[in-house]
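What the coordinates show
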Amino acid sequence: MKEENFFQRVYEVAKQIPYGRVTSYGAIAKYLASSGSARMVGWAMNASHNNEDIPAHRVVNRVGLLSGKHHFDGTNLMQQLLENEGIEVVDNQIVDFEKHFWDPAIELR
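Residues take numbers from 1 onward in each chain, read along the sequence in its written order. Totals for whole chains, interfaces and linings use all residues, but because this is a predicted model, local features are given only for residues with pLDDT of at least 70 and pairs of side-chain atoms are given and counted only at 80 or more. To get the side-chain values, take all heavy atoms of the structure and skip hydrogens and water.

Under an unreviewed UniProt entry, the name given to the chain is Methylated-DNA-protein-cysteine methyltransferase-like protein, and the source organism is Flavobacterium lindanitolerans.

Rendered as C-alpha cells:
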C-alpha cells in the first residue's frame, strides 16, 4: 500500500470525527483494516498540519493522552483546540475519555 494512499484514507476518516469527540490512532488503523499501523496514522496526522480541513487535534493515543501535541504550533494548541470543543484536558490527558471517544468502526458503518 502506498504511503500517500494510506494517508489519504486516514484523512478521510479524520475529517468525519464530530466536533467535541476524539478517536485514537489505533481506532483509525483498525477501521482501515490495518490494525498494526497506529504509528502510520500518527505520521499521517503529523503530515497534515498544513491542512486545516483535517482535525488532527481530535486524534489521540489509546488512553486519551495528547501524544501528538508537540506537532502543533505553540505549547498548548492541541489542548486549547480540544477545550474549545468542550473536552476537558488535565495533564495532557482527556478527562472522561470514554465519553468523548468516537469509534469509526461503529460510527462509519
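Describing the layout of surface pockets
Of the voids in this model, the largest pocket is the one considered here, and its volume is about 580 Å³. The way it works is a 1 Å grid over only the protein atoms, where trapped points that fit a 1.4 Å probe form a cavity and open points with protein on both sides within 12 Å along at least five of seven lines form a pocket, and then any residue with an atom within 4 Å of a point lines it. Looking at the largest pocket, it is lined by 31 residues, and the ones nearest its centre are M45, N46, A56, G68 and F72. Helix and strand definitions follow DSSP, with helices as H or I runs of at least four residues and strands as E runs of at least two, each counted in order from the N terminus. Listing elements by their share of the lining of the largest pocket, those giving two or more residues are α2 (25–31), α3 (38–47) and α4 (77–84). For the lining of the largest pocket, the leading source of residues is α3, giving six residues. Residue classes in the lining of the largest pocket are distributed as 13 nonpolar, 14 polar and four charged. Grid points are joined across faces, edges and corners, and a volume is the space filled by probe spheres set on the points. Three classes are used, and their members are as follows: Ala, Val, Leu, Ile, Met, Phe, Trp, Tyr, Cys and Pro are nonpolar, Asp, Glu, Lys and Arg are charged, and the others, Gly among them, are polar.

Focus: the nonpolar core
By convention a nonpolar core is built from buried Ala, Val, Leu, Ile, Met, Phe, Trp, Tyr and Cys residues, the set being connected through side-chain atoms within 4.5 Å. Each residue is placed in one exposure class: buried if its accessible area under a 1.4 Å probe, protein chains only, is under 20% of its type's maximum, exposed if it is over 50%, and partly exposed if it falls in between. Core analysis: the biggest nonpolar cluster contains 30 residues, and V10, M45, L82 and I94 have the highest contact counts within it. Those elements that place two or more of their residues in this core are α1 (3–14), α2, α3, β2 (59–60) and α4. If you tally residues by element for this core, the top one is α1, at six residues. Residues contacting I94, with those up to four places away along its chain left out, are V22, V60, G64, L66, L82, I87, E88, V89 and H100. Only heavy atoms matter for contacts: two residues are in contact if any of them lie within 4.5 Å across the pair.

Re the side chain of T23
Mapped onto the elements, T23 comes out in strand β1 (residues 23–24). Overall, T23 belongs to the buried group, its relative accessible area being 0%. Polar contacts involving the side chain of T23 include one to the main-chain carbonyl oxygen of W102, which spans 2.7 Å. Beyond its immediate stretch of four places on either side in the chain, T23 contacts I17, I28, R58, V59, V60, F101, W102 and P104. Two N or O atoms form a polar contact when they lie within 3.5 Å of each other; inside protein one atom must be a possible hydrogen donor and the other a possible acceptor, and for residues adjacent in sequence the pair counts only when both atoms belong to side chains.

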